[in-house]
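Report on the structure
Below, each chain spelled out in residue letters.
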Amino acid sequence: MAISTGRLAAAATAFVAIGLVVTYALTRQAVEGDIFADCRQGVVSGAATIGGPFTLTDQAGRRVTDREVITGPTLVYFGYTFCPDVCPIDAARNAEATDALEEMGYQVTPVFVTVDPKRDTPEVLADYTALMHPRMIGLTGSEADVDGAAKAYKVYYRSHEGDDPEFYLVDHSTQTYLMFPKLGFAEFFNRDVNAQQMAERSACFIEAARAAGI
């Protein structure tokens, strides 16, 4: 069963609207004493409000916590493998940024958290992440697990399940989050940021964290 052009257009419009709302929420106030102040291109609300504890299942079927996933600079993205265009482009961009950072001497881990746990089993995520990047971690879990992680990261998502349980779209916000162990949230990147820009901006945050002894 094909997904209609009209549905894809509606989904694209929804992605834009969601992105604007989430960007506003993430940029509404400044943080005093921010060690990353010189790296930010926008004003970001308190780091403690984005991210948090989670327990999910990785692509190998292991139950993992946020502390086991975020062991160094980490690019976290929420999407789903059946996404027709947005997610594969974003995931590939994140993988390219990861490689660019490695060439600059920084090791970053890309993470793909599904918002569609019904279809995105560990096996499906294993195939998907292997195509994207050898270090990409794919995370899924129960609906409650995924919902808890999404809420912690202020991620919006809504499934449009119809008559066919295998073919449906999921609206979701599309920011990528730069996270650090101990520090938590550092920055978010919208879809208009390319891989090289993401790498260069992430490098600034990594250097700032090192300078702060973190």
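So, a few notes on the structure that sits alongside this text. (Residues numbered from 1 in each chain as written. Predicted model: local features only at pLDDT ≥ 70, side-chain atom pairs only at ≥ 80, totals over all residues. Heavy atoms only, no water.)

A short note on the overall build of the protein chain
- From N to C terminus, the protein chain includes 6 helices and 9 strands.
- Among the 214 residues that make up the protein chain, the fraction classed as buried is 50%.
- Summarising the internal contacts of the protein chain: among those between residues at least 6 apart in sequence, 72% fall at separations of at least 24.
- Only carbon and sulfur atoms are counted for the fraction: they give 55% of the accessible area of the protein chain, which is about 10300 Å². (Helix = DSSP H or I, 4+ residues; strand = E, 2+ residues; numbered from the N terminus. Buried < 20%, exposed > 50% of the residue type's maximum accessible area, 1.4 Å probe, protein only. Contact = heavy atoms within 4.5 Å. Areas by Shrake-Rupley, 256 points an atom, 1.4 Å probe, with all protein chains shown as cover.)

Comments concerning the nonpolar core
- Counting residues in hydrophobic clusters, the biggest one holds 36 residues, and the most contacted among them are Val 69, Val 76, Phe 78, Phe 112, Leu 139, Tyr 153 and Tyr 177.
- If we skip the residues at most four places from it in the chain, Val 69 touches Phe 54, Val 64, Thr 74, Val 111, Ile 137 and Leu 139.
- Residues Ala 100, Leu 101, Tyr 106 and Ala 186 belong to the second largest nonpolar core, which totals 21 residues. (Core = buried A, V, L, I, M, F, W, Y, C linked by side-chain atoms within 4.5 Å.)

Description of the pattern of salt bridges
- According to the stated counting rule, one finds 11 salt bridges in the structure shown.
- Arg 62 is the salt-bridge partner of Asp 58, the closest N and O atoms lying 2.9 Å from each other.
- Overall, the relative accessible area of 54% leaves Arg 62 in the exposed class.
- The shortest N-O distance in the salt bridge between Asp 116 and Arg 119 comes to 2.6 Å.
- Overall, Arg 119 belongs to the buried group, its relative accessible area being 6%.
- Ionic contacts of the salt-bridge type, sharing partners, join the residues Lys 118, Glu 143 and Glu 161 into one network. (Salt bridge = Lys/Arg side-chain N within 4 Å of Asp/Glu carboxyl O.)

What to know about the sheet that holds strand S9 (residues 184–189)
- On the basis of which strands lie adjacent, the open sheet formed by 7 strands has the order S2-S1-S5-S4-S3-S8-S9 and mixed pairing. Each of the sheet's edge strands pairs with one partner strand only, and the pair in question is strand S2 (63–65) and S9. Pairs of neighbouring strands in the sheet enclose a mean axial angle of 35 degrees, with direction left out of account.
- Packed on one face of the sheet, helix H3 (residues 86–103) meets strand S3 (74–79), strand S4 (109–114) and strand S8 (176–180) and runs near 175 degrees to S3.
- Across the sheet, helix H4 (residues 122–132) lies against strand S1 (55–58), S4 and strand S5 (137–140), angled at about 155 degrees from S5, the strand it touches most. (Pairing = 2+ DSSP bridges. Axes fitted to C-alpha atoms, helices over the stretch in contact; angles between N-to-C directions.)

Some thoughts on helix H5 (residues 143–152)
- Those residues of H5 that fall on the buried side of the exposure criterion are Val 146, Ala 149, Ala 150 and Ala 152. One side of H5 holds all its buried residues, which, seen down the axis, span an arc of 160 degrees. The exposed residues of H5 that point more than 90 degrees off its buried face are Ala 144 and Lys 151.
- On its buried side, H5 packs onto S1, S3, S4, S5 and strand S6 (157–160).
- Just past H5, the residue Lys 154 takes up positive phi, approximately 60 degrees. (Arc of directions from axis to C-beta.)

Overview of helix H6 (residues 195–211)
- Between its first and last C-alpha, H6 extends 24 Å over 17 residues, near the 24 Å set by a 1.5 Å rise per residue.
- When we look at burial in H6, the residues that qualify are Ala 195, Met 198, Ala 199, Arg 201, Ser 202, Ala 203, Phe 205, Ile 206, Ala 208 and Ala 209.
- Structurally, H6 contributes buried residues whose contacts are with S3, H3, S8 and S9.
- Phi for Gly 213, located one or two positions after H6, is positive at around 80 degrees. (Expected span 1.5 Å × (residues − 1).)

Brief notes about the pairing of S5
- Burial along S5 is two-sided: the residues Ile 137 and Leu 139 and Gly 138 and Thr 140 are all buried.
- Note: S1 against S5, 2 bridges, orientation antiparallel. Within S5, the residue paired with Asp 58 across the bridge is Leu 139.
- With 3 bridges joining them, S4 and S5 adopt parallel strand pairing. The residue of S5 that forms the bridge with Val 111 is Ile 137.
- Viewed along the sheet, the connection from S4 through H4 into S5 turns out right-handed. (Right-handed = clockwise from strand over helix to strand, strands pointing away.)

In short, the description is geometric, and any link to function would need to be established separately.
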